[in-house]
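Spelled out, the chains give:
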Amino acid sequence: MGPLAEIRDLLRHRTLLRQFAWRAVEQRHRGSFLGLIWTVLSPLLSLGVYTFVFGFVFGGHFTTRADETGLDYALGIFLGLIIFNFLSEVLAQSPMTIITQRNFVKRVVFPLEILPVATVGAAAFSAAISLVLAVIGVTFLGHGLDWSALWLFAILPPIGLIAVGCAWFFAALGVFIRDTANAMPFVIQVLIYMSFVFYPLRLLDKAPAWARNLLLANPLVHAVENLRQAVLWHEPPHAAGLFYLWVCGLVMCVVGYLTFRRLRPAFADVV
């Protein structure tokens, strides 16, 4: 079975996938007084904090444009965090996906590959709500939207592919190396500073060549930068960066799938 056949298999089990993804969303807020309201309230509060701290207190800037305001800077941070939080949630949850679902591992006919993808679906639900709030913020607090915002449909899919690939890879790895889950908080902490969420890409001009190349190898850098270009500044994304983002998405998805497929037969013996 190849990656395309795996996609067809996921589509065939889309109802089951949707149920597991929604269950993951509900479990995250189970026992909470406000419940699912937090999926809207949490990013809204974050947007307010970033707007005040970075927009008004620090007065930071991502570009050298004369018309960039503190609100634009805060919205730029928020857009970057949407992508980062989506992937970091997948990275944090994936290593325990199979381990915590032992009952399904023992069932020969159960499609285990949907469990990591359901984790991605749950993270995508939260990210979609945050993205809607960001679009509303740009519309009413920023420079508004134009047709460049449609580039979202070219920028976001490869991030989804990266997330699915990471979910498959680390879900399989976490079965055999339990320390994977413990290492993820450190990986996520490093990743946020390597993704240019809080500072502009132009700072790379001051960095040594080796550091610049290392940071630009991170696909999240290109995703964050292109998302800001399209939504905030009404400019098309950088073609080379977008192409690299798609290549990384496809490669990581295939590598994650092949790793999961190769290790899956041994899951039952370990868990």
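Everything quoted here is computed from the prediction, not taken from an experiment.

Q: Which residues make up the packing of aromatic side chains, and what are the values?
A: One pass over the structure, following the stated rule, counts six aromatic pairs. Three or more aromatic residues joined by ring pairs make a cluster, and in this case those are Phe176, Phe260 and Phe267. The ring of Phe62 has Arg228 lying over it, and the distance from NZ or CZ to the ring centre is 3.9 Å.

Q: I'd like a description of the pattern of salt bridges, backed by residues and values.
A: Here the structure, examined in full by the defined rule, presents one salt bridge. Between Glu113 and Arg264 there is a salt bridge; the shortest N-O distance is 2.8 Å. Here the residue Glu113 occupies a position in the loop between helix H5 (102-105) and helix H6 (114-141), and Arg264 occupies one in the loop between helix H11 (239-263) and helix H12 (267-270), the gap between them amounting to 151 residues.

Q: I'd like a description of the packing of H6 against helix H7 (residues 152-176), backed by residues and values.
A: Between H6 and H7, the shortest axis-to-axis distance is 9 Å and the interhelical angle comes to 145°. Every pair of crossing elements has a handedness; the one defined by H6 and H7 is right-handed. In this structure, H6 contributes Pro116, Val117, Val120 and Leu131 to the contact, and H7 contributes Leu156, Ala163, Val164, Ala167, Trp168 and Ala171. For the contact of H6 with H7, the residue count by class is 10 nonpolar, no polar and no charged.

Q: Summarise helix H4 (residues 70-93); cite the residues concerned and give the values.
A: Compared with an ideal rise of 1.5 Å per residue, which puts 24 residues at 34 Å, H4 spans 34 Å between its outermost C-alpha atoms and is within 8% of the ideal. The element H4 is largely enclosed, with a buried count of 20 among its 24 residues.

Q: Would you mind going over a nonpolar patch on the surface in detail, with residue names and values included?
A: The grouping of Val132, Ile136, Phe140 and Leu141 at the surface amounts to a nonpolar patch, some 420 Å² of accessible area in total. Checked against the element boundaries, Phe140 lands in helix H6.

Q: Hey, could you go over unusual backbone geometry for me, with residue numbers and the actual values?
A: If you check the backbone angles, Phe196 has positive phi at about 55° while not being a glycine. One can find Phe196 in the loop between helix H8 (179-193) and helix H9 (209-216).

Q: Break down the side chain of Ser94 for me, citing the residues and quoting the values.
A: Tracing the sequence through the fold places Ser94 in the loop between H4 and H5. The class of Ser94 is buried, set by a relative accessible area of 0%. Within polar-contact distance, the side chain of Ser94 engages the backbone oxygen of Val90 at 2.5 Å. Residues within four places of Ser94 in sequence aside, it is in contact with Thr119, Cys166, Ala167, Phe170 and Ala171.

Q: Help me get a handle on the environment of Glu68, residues and values and all.
A: Examined against the element boundaries, Glu68 turns out to sit in the loop between helix H3 (38-57) and H4. Here Glu68 is in contact with Gly60, His61, Phe62, Thr63, Tyr73 and Trp233, once residues within four sequence places are set aside.

How each quantity is defined
- Residue indices follow the written sequence of each chain, beginning from 1 at its first position.
- Since the coordinates come from a predicted model, pLDDT governs what is reported: local features require at least 70, and pairs of side-chain atoms require 80 or more to be given and counted, while whole-chain, interface and lining totals use all residues.
- The side-chain figures draw on all heavy atoms in the structure; neither hydrogens nor water molecules are used.
- In this analysis, rings of Phe, Tyr and Trp, with Trp reduced to its six-membered ring, are considered paired at centre separations within 6.5 Å, and the interplanar angle assigns stacked below 30 degrees, edge-to-face beyond 60, and tilted for intermediate values.
- By definition, being over a ring means that NZ of Lys or CZ of Arg is both within 6 Å of the ring centre and within 35 degrees of the ring normal.
- When a carboxyl oxygen of Asp or Glu lies within 4 Å of a side-chain nitrogen of Lys or Arg, that pair is called a salt bridge.
- The numbering of helices and of strands both runs from the N terminus, where a helix is a DSSP run of H or I of at least 4 residues and a strand a run of E of at least 2.
- Lines fitted to the C-alpha atoms define the axes, with helices restricted to the stretch that makes contact. Angles between their N-to-C directions range from 0 to 180 degrees.
- When the near helix sits turned anticlockwise from the far one by under a right angle, the crossing is termed left-handed; a clockwise turn instead gives a right-handed crossing.
- Should any heavy atoms of two residues lie within 4.5 Å, those residues are counted as being in contact.
- In this count, Pro and Cys sit with the nonpolar residues alongside Ala, Val, Leu, Ile, Met, Phe, Trp and Tyr, while Asp, Glu, Lys and Arg are called charged and the others, Gly among them, polar.
- Helix span is expected to be 1.5 Å times the residue number reduced by one.
- Only protein chains enter the area calculation, which uses a 1.4 Å probe; residues under 20% of their type maximum are buried, those over 50% are exposed, and those in between are partly exposed.
- Like charges are joined within 9 Å and nonpolar side chains (Val, Leu, Ile, Met, Phe, Trp, Tyr) within 5 Å, but only among residues with over 30% relative accessible area and no salt bridge; these make up the patches.
- The accessible surface values rely on the Shrake-Rupley method and a 1.4 Å probe; as for residues, cover is taken only from the protein chains in view.
- Polar contacts, as used here, are pairs of N or O atoms within 3.5 Å; protein pairs need one atom able to donate a hydrogen and one able to accept it. Residues neighboring in sequence count only if both atoms are side-chain atoms.

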